[in-house]
Amino acid sequence: MDLSAITKHSALHAKPSGLLLQYGTAGFRMKAEHLDHIMFRMGLLAVLRSKQTKSTIGVMVTASHNPEEDNGVKLVDPLGEMLAPSWEEHATYLANAEEEDMQRVLIDISEKEAVDLQQDAFVVIGRDTRPSSEKFSQSVIDGVTVLGGQVHDYGLLTTPQLHYMVCCRNTSGQYGMATIEGYYQKLSRAFVELTKQASCSGDEYRSLKIDCANGIGALKLKEMEHYFSQGLSVQLFNDGTKGKLNHLCGADFVKSHQKPPQGMEIKFNERCCSFDGDADRIVYYYCDADGHFHLIDGDKIATLISSFLKELLLEIGENLNVGVVQTAYANGSSTRYLEEVMKVPVYCTKTGVKHLHHKAQEFDIGVYFEANGHGTALFSKAVEDKINQLTRELEDKKGKAAKILRNIIDLFNQVADRKVISTTDAERQAVTPPGLQEAINDLVKKYRLSRAFVRPSGTEDVIRVYAEADSQESADSLAHEVSLAVFDLAGGIGERPQP
Ligand code: G16
């Protein structure tokens with residue numbers, strides 16, 4: 001390692017003094033103006049991780065659902081999964097090192113993780129459409145090159161596309177071609193095949209209105225559209241030509257306001273969906289004949305996917321171990337339905353795709369979704385091999401079900417001072433400050449079929465309050481009462497929460 005070069009380059013990406021940041025739910029996130037040093041340092045860290053794993057590592061520059069002024073960065077591990085927890089700690093350690101300690105911290109991490117510094121390193125980079133993202137990618141590249149790593153900059157990419165590229169490169173192309181073309185071809189082929197096998201064929205089933213959150217999803221869908229046009233015609237909204245990223249649109253807005261995004265009129269029977277800023281969340285919705293809005297969020301998507309998979313498995317006569325993983329945000333009735341009607345075991349983990357993904361890997365088929373629309377289904381290698389074999393052996397209805405499963409496997413991209421409040425039990429119980437959980441318990445008792453919890457966000461400087469009850473009115477009122485309890489007991493700042 002050329003330590004003097006690191007010191008010199010690091011000074012060009014100097015850390016604002018006193019700024020302490022933590023690798024959170026999805027990497028580092030905050031106002032873009034404070035992040036340049038983090039980008040450079042994550043370039044350095046990606047090189048160490050690449051040397052240690054002898055694999056390609058991904059770096060994604062994005063702040064996803066956060067406002068346009070924010071930015072962020074996350075590292076992607078060799079099989080397209082989120083960074084390993086011990087390396088998240090190293091990321092925080094390196095992010096907070098003072099300039100004069102940079103060399104020592106890098107050596108420290110290398111020693112702890114037995115990194116062979118002579119090993120080659122390769123890092124791939126993607127970025128979203130935020131105004132600050134291009135410059136930040138350059139800072140990541142500076143970090144990678146100063147440590148002697150090689151870089152491939154994919155430029156503008158969605159987060160799932162970057163995960164895909166990393167996985168392809170580390171499986172010598174077995175998962176697919178590590179190009180944007182390869183991504184479009186793999187997914188579109190599986191999708192078009194599936195639509196050919198589908199029993200419903202009317203035009204209304206083959207058109208979709210898509211709210212792209214004024215983000216990268218719009219650019220990528222425009223590139224991809226002609227690959228799948230045989231199976232689906234799409235109409236794009238909030239495509240970034242005028243509105244601001246994630247402003248009054250996108251999956252987070254639609255999910256939390258339970259209404260359509262700005263700029264999209266929905267007629268009865270039209271199918272609609274929203275992405276978030278880096279296109280790794282999706283929620284669907286429609287309006288019924290009375291004009292009422294209906295949301296198909298992550299909970300419902302997980303239920304639909306697992307029911308469909310169970311039907312197909314029944315058809316081919318395979319009794320596989322299917323499990324669903326949710327977070328505390330999952331609506332209680334979706335959990336009850338899955339467990340009691342579908343007879344599928346349901347597990348609850350902490351918020352963050354990394355936690356759900358990890359748990360889902362324990363099953364033959366693990367379906368995981370956060371209510372906010374992040375998720376996928378994971379198929380174990382043994383199941384994938386079995387389904388490939390059945391696709392060749394089975395005929396008629398069974399053969400058709402096996403082929404549908406085969407295409408589903410290809411279609412699902414499988415890769416995949418608020419701290420005053422601390423939580424336990426997969427974030428469903430507040431441990432501190434004292435008295436808060438008791439106050440929430442008392443409030444919950446006042447409403448029928450209700451549940452509520454609070455947790456510090458890992459991506460924004462806010463406390464999230466979740467409430468459910470037997471009517472919208474009761475849920476809103478419970479949420480308000482819980483936010484007042486948080487405000488009073490956890491030292492809220494600014495105005496008291498309004499109903
Ligand atoms: C990220 C994570 C998600 C998480 C969300 C909100 O999503 O990847 O797993 O649900 O943040 O997290 P929190 O409630 O801790 O702020 P995204 O789409 O912003 O990358």
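Residues numbered from 1 in each chain as written. Predicted model: local features only at pLDDT ≥ 70, side-chain atom pairs only at ≥ 80, totals over all residues.

Per an unreviewed UniProt entry, the protein goes by Phosphoacetylglucosamine mutase and derives from Ictidomys tridecemlineatus. One UniProt comment on the protein, placed under Sequence similarities (unreviewed entry), says "Belongs to the phosphohexose mutase family." The Catalytic activity (unreviewed entry) field of the UniProt record for the protein holds the comment "N-acetyl-alpha-D-glucosamine 1-phosphate = N-acetyl-D-glucosamine 6-phosphate". (UniProt positions renumbered as here; feature names shortened; annotations may be inferred.)

(A) Up close: the site of the ligand. Among the 18 residues in the neighbourhood of the ligand, the closest are listed as Ala26, Ser64, Ser457, Gly458 and Thr459. Class assignment for the residues of the shell around the ligand results in two nonpolar, 10 polar and six charged. (Near = placed C-beta within 6 Å. Nonpolar A, V, L, I, M, F, W, Y, C, P; charged D, E, K, R; others polar.)

(B) Region of the structure containing the sheet that holds strand S6 (residues 207–211). Spatial ordering of the open sheet is given by S7-S6-S8-S9-S10, a layout of five strands whose pairing is mixed. Each having just a single partner strand, strand S7 (233–237) and strand S10 (293–296) make up the two edges of the open sheet. Direction aside, neighbouring strands of the sheet carry axes that sit 25° apart on average. Judged from the four bridges that link them, strand S9 (residues 282–287) and S10 form a sheet pairing that is antiparallel. Looking at S10, one finds that Tyr284 is bridged to Ile296. Here helix H8 (residues 216–228) sits on the sheet in contact with S6, S7 and strand S8 (272–275), set at roughly 155° to S7. (Pairing = 2+ DSSP bridges. Helix = DSSP H or I, 4+ residues; strand = E, 2+ residues; numbered from the N terminus. Axes fitted to C-alpha atoms, helices over the stretch in contact; angles between N-to-C directions. Contact = placed C-beta atoms within 7 Å.)

(C) Structural context of the UniProt feature "domain: Alpha-D-phosphohexomutase alpha/beta/alpha" (unreviewed entry) in the protein. Mapped onto the present numbering, the UniProt feature "domain: Alpha-D-phosphohexomutase alpha/beta/alpha" (unreviewed entry) falls on residues 51–98 and 118–167. Segment residues 51–98 splits into 29% helix and 27% strand. End C-alpha atoms: 24 Å apart. Taken as a whole, residues 118–167 contains 46% helix and 26% strand, while its terminal C-alpha atoms sit 24 Å from one another.

(D) Structural context of the environment of Asn71. Summarising the element assignment, Asn71 is placed in strand S3 (residues 70–76). Considered as a pair, Asn71 and Ser132 are 61 residues apart in the sequence and their alpha carbons are 7.3 Å apart. Not counting residues up to four positions away in its chain, the partners in contact with Asn71 are Ala32, Leu35, Val61, Ala63, Arg130, Ser132, Ser133 and Phe136.

(E) The environment of Glu204, seen in detail. Secondary-structure assignment places Glu204 in the loop between helix H7 (180–197) and S6. For Glu204, a count of 9 C-beta atoms within 10 Å gives the class exposed. Taking the C-alpha atoms as reference points, Glu204 and Asn269, 65 residues apart in sequence, are found 7.7 Å from one another. (Buried ≥ 20, exposed ≤ 12 C-beta atoms within 10 Å, placed from the backbone.)

(F) Focus on the domain arrangement of the protein. The assigned domain composition of the protein is domain 1 (3–178), domain 2 (181–295), domain 3 (299–411) and domain 4 (418–489). One C-alpha centre belongs to domain 1, the other to domain 2, and the line joining them spans 31 Å. On the domain 2 side, the residues contacting the 18 residues of domain 1 number 20 residues. Top element by residues in the side of domain 1 that touches domain 2 is helix H6 (residues 159–170). It accounts for five residues. Split into classes, the residues belonging to the side of domain 1 that touches domain 2 amount to seven nonpolar, eight polar and three charged. (Domains from an automatic or database assignment.)

(G) A look at helix H12 (residues 353–360). In terms of residue burial, H12 counts as a mostly covered element, since six of its eight residues are buried. Buried within H12 are the following residues: Val353, Lys354, His355, Leu356, His357 and Ala360.

(H) The arrangement of the nonpolar core in detail. Core analysis: the largest hydrophobic core is formed by 83 residues, its most contacted members being Met39, Met42, Ala46, Val59, Val123 and Val367. Not counting residues within four places of it along the chain, the set of residues in contact with Ala46 comprises Ile57, Val59, Leu75, Val123 and Val144. Membership of the second largest hydrophobic core comes to 22 residues, among which are Ala371, Val454, Tyr466 and Ala490. (Core = buried A, V, L, I, M, F, W, Y, C linked by C-beta atoms within 7 Å.)

(I) Structural detail: the sheet that holds strand S13 (residues 365–369). Read across the sheet, four strands follow the order S12-S11-S13-S14 without closing on themselves; strand pairing throughout is mixed. Edge positions in the sheet fall to strand S12 (346–349) and strand S14 (375–379), since each of these pairs with one other strand and no more. For this sheet, the mean angle separating the axes of adjacent strands, direction not counted, is 20°.

(J) Seen up close, the packing of H7 against helix H14 (residues 396–411). As a packed pair, H7 and H14 sit with axes 8 Å apart at the nearest point and diverge in direction by 150°. Between H7 and H14, the interaxial angle falls into the category roughly antiparallel. In the crossing of H7 with H14, the sense of the turn from one axis to the other is left-handed. Between H7 and H14, the contacting residues are Lys186, Leu187, Ala190, Phe191, Glu193, Leu194 and Gln197 on the first element and Lys400, Lys403, Ile404, Asn407, Asp410 and Leu411 on the second. (Parallel < 35°, antiparallel > 145°, perpendicular 65-115°, else oblique. Left-handed = near helix turned anticlockwise from the far one by under 90°.)

(K) Main features of the confidence of the model for the protein. This prediction gives the protein a mean pLDDT of 93; 98% of its residues lie at or above 70. Model confidence for the complex is summarised by a pTM of 0.91, with the ipTM given as 0.94. (pLDDT = per-residue confidence, 0-100.)

(L) Focus on the pairing of S3. For S3, the buried fraction is high: seven of the seven residues fall into the buried class. Residues Asp70, Gly72, Lys74 and Val76 point to one face of S3 and Asn71, Val73 and Leu75 to the other, with burial holding for every one of them. As judged from the four bridges shared by strand S1 (residues 28–31) and S3, these two strands associate in the antiparallel manner. Counterpart to Arg29 in the pairing with S3 is Gly72. Relative to S3, strand S2 (residues 56–61) runs antiparallel, the two being bridged by four bridges. Note that in S3 the partner of Gly58 across the bridge is Val76.

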